[in-house]
Amino acid sequence: MAHPVTIRTLIAIAVAKGWYMRQGDVKTAYLNAELPKPVYLRLPKGLEPLLGSGKILELRKAVYGLGASCRLWWQTFTEKNRKFGMELMTADDCVFKIQKGSSILIVAIVVDDALMIGNDEALRQQWF
């Protein structure tokens, strides 16, 4: 989670430089991560009449409430950012940056919300 001081600093930079600022929510963030090994659940009681009792479900993707979901989502998100060419900032490991020529995009993550600042809206649209 990006530190609150980092968020305030990024907002100040965007205002001072006249850059755009956007906020975005990563919809169903935890559901985007693949599970590295099978996880099995007993069928919730409300579903027993529909699917039959004694059944077990195999999860293939992370879900909210699963202990590893946050870590798995973060790994998936970081990998996709690196493939796009972004790198993690050293001062705050929840902030990504990419610079293509004179275009800059900086993305700070707080749980599953993103603050995006930069000087080229087209670069942000390619990313998000």
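Look up: the structure comes first, before these words.
About the criteria used
Position numbers for residues count from 1 along each chain, tracking the sequence in the order it is written. The predicted origin of the model limits local features to residues at a pLDDT of at least 70 and limits the giving and counting of side-chain atom pairs to 80 or more, whereas totals for whole chains, interfaces and linings rest on all residues. For the side-chain quantities, the full set of heavy atoms in the structure was used; hydrogens and water were omitted. Whether a residue is buried, partly exposed or exposed follows from its accessible area with a 1.4 Å probe, protein chains only, as a fraction of its type maximum: under 20%, in between, or over 50%, in that order. Counting from the N terminus, the helices are the DSSP runs of H or I reaching at least four residues and the strands are the DSSP runs of E reaching at least two. Paired strands are those between which DSSP finds at least two bridges. How far a helix is expected to stretch is found by multiplying one less than its residue total by 1.5 Å. Throughout, a contact is declared for two residues whenever any of their heavy atoms are within 4.5 Å. Fitted lines through C-alpha atoms serve as axes, helices being fitted only where they are in contact, and the angles separating the N-to-C directions of these axes extend from 0 to 180 degrees.

It is worth spelling out the pairing of strand β6 (residues 103-110) at this point. Of all eight residues in β6, seven are buried, a share of seventy percent or more. Sheet analysis places strand β5 (residues 95-100) next to β6, joined by six bridges and oriented antiparallel. By the bridge assignment, Q99 is partnered in β6 with I104. Counting the residues that bridge the hairpin from β5 to β6 gives two residues, and of these G101 lies at a positive phi of roughly 65°. Where β6 lies against strand β7 (residues 113-118), six bridges are found, and the strand directions are antiparallel.

Time to look at helix α3 (residues 69-84). Each α-helix turn comprises 3.6 residues. Residues three or four places apart therefore point the same way. Under the 1.5 Å per step criterion, the end-to-end length of α3 is 23 Å for 16 residues, consistent within 8% with the ideal 22 Å. The complete set of buried residues in α3 reads S69, L72, W73, T76, F77, T78 and N81. The inward-facing, buried residues of α3 abut β2 (34-42), β4 (87-88), β5, β6 and α4 (121-127). Just downstream of α3, G85 is the residue with a positive phi angle, here 110°.

We now examine the side chain of T78. Examined against the element boundaries, T78 turns out to sit in helix α3. Apart from residues no more than four positions distant in its own chain, T78 is found in contact with L88 and F96.

Pairing is antiparallel across the open sheet formed by five strands, whose spatial order is β1-β7-β6-β5-β4. Every interior strand has two partners, whereas the edge strands, β1 (20-25) and β4, have only one. Examined bridge by bridge, β4 and β5 share two bridges and lie antiparallel to one another. Counted as the bridge partner of E87 is K97 from β5. Helix α1 (residues 4-17) contacts β1, β5, β6 and β7 of the sheet and is inclined by roughly 30° relative to β7. In this fold α3 packs onto β4, β5 and β6, with an angle of close to 10° to the strand it touches most, β5.

Only a minority of non-glycine residues have a phi that is not negative, and only a minority of peptide bonds are not trans. Even without being a glycine, T28 presents a positive backbone phi close to 45°. Here T28 shows up in the loop between β1 and β2. T28 sits in the partly exposed class, given a relative accessible area of 44%. A positive phi angle, near 60°, is found at V111, a position not held by glycine. With respect to the element layout, V111 can be found in the loop between β6 and β7.

Geometric descriptors of this kind do not, in isolation, establish any biological role.
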